[in-house]
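So you can see what is in the structure, the chains are spelled out below.
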Amino acid sequence: MKSLFRATPLMLAATLGLATALPAAAQFAKPEDAIKYRKAAFTVMATHFGRVAAMANGRIPFDAKVAAENAELATTMARLPFVAFTEGTDKGDTKAKAEIWSEADKFKAGAAKMQEEMGKLNVAAKGGNLDAIKAAVGETGKSCKACHDAYRKE
């Protein structure tokens, strides 16, 4: 009986792991749905990052609480769009360049770098130090720009 109770959490974890490992394409009925999803996620992320950046650049008054809230949301959103770069989403209403798929490892590395920098911004914003936020905004912005330059059509 004891071994059953010990095995149950492991079985649950394995089942959850398999469920989350389903192909990303299965999450979207059509490629257009994936494109809409990733565009929406990028828009929300950019909006919240932009609010923090505006404070860091002095365009709007600095409010530590608002900066922390927006950095937290931007960090969460930074993880979402990349599951939607699935097969068939290279065509249609998208600004995605073909290099996303032909240079998939580099693209994933760029996404990981942006997520890492966004996480650093989140930590800086929680600390409330404007100088630290400014530095983190700069590095996060550089990571965003690098990916846009390489993988986004204008």
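**Here's the deal with the confidence of the model for the protein chain**
Atomic detail in the predicted coordinates should be set aside for any region of low pLDDT.
For step 1, the next point in the chain: Per-residue pLDDT for the protein chain has a mean of 88; in total, 83% of the residues score no lower than 70.
For step 2, the next point in the chain: Low confidence marks residues 1-7, where pLDDT is under 50. Its contacts with residues over four positions away, or in another chain, come to zero contacts.
For step 3, the next point in the chain: The low-confidence segment residues 9-22, where pLDDT is below 50, has zero contacts with residues more than four positions distant or belonging to other chains.

**Quick notes on the packing of helix 2 (residues 31-56) against helix 6 (residues 130-151)**
Packed helix pairs are characterised by how far apart their axes lie and by the angle those axes make with each other.
For step 1, the next point in the chain: Interaxial distance between helix 2 and helix 6 falls to 9 Å at its minimum, and their mutual angle equals 125 degrees. Judged by the inter-axis angle, helix 2 sits oblique to helix 6. Along this stretch, helix 2 crosses helix 6, giving a crossing that reads as left-handed. Facing helix 2, whose interface residues are Phe49, Val52, Ala53, Met55 and Ala56, helix 6 presents Leu130, Ile133, Lys134, Val137, Thr140 and Gly141.
For step 2, the next point in the chain: Looking at the contact of helix 2 with helix 6 residue by residue, the classes come out as eight nonpolar, two polar and one charged.

About the thresholds
- Residues numbered from 1 in each chain as written.
- Predicted model: local features only at pLDDT ≥ 70, side-chain atom pairs only at ≥ 80, totals over all residues.
- Heavy atoms only, no water.
- pLDDT = per-residue confidence, 0-100.
- Contact = heavy atoms within 4.5 Å.
- Axes fitted to C-alpha atoms, helices over the stretch in contact; angles between N-to-C directions.
- Helix = DSSP H or I, 4+ residues; strand = E, 2+ residues; numbered from the N terminus.
- Parallel < 35°, antiparallel > 145°, perpendicular 65-115°, else oblique.
- Left-handed = near helix turned anticlockwise from the far one by under 90°.
- Nonpolar A, V, L, I, M, F, W, Y, C, P; charged D, E, K, R; others polar.

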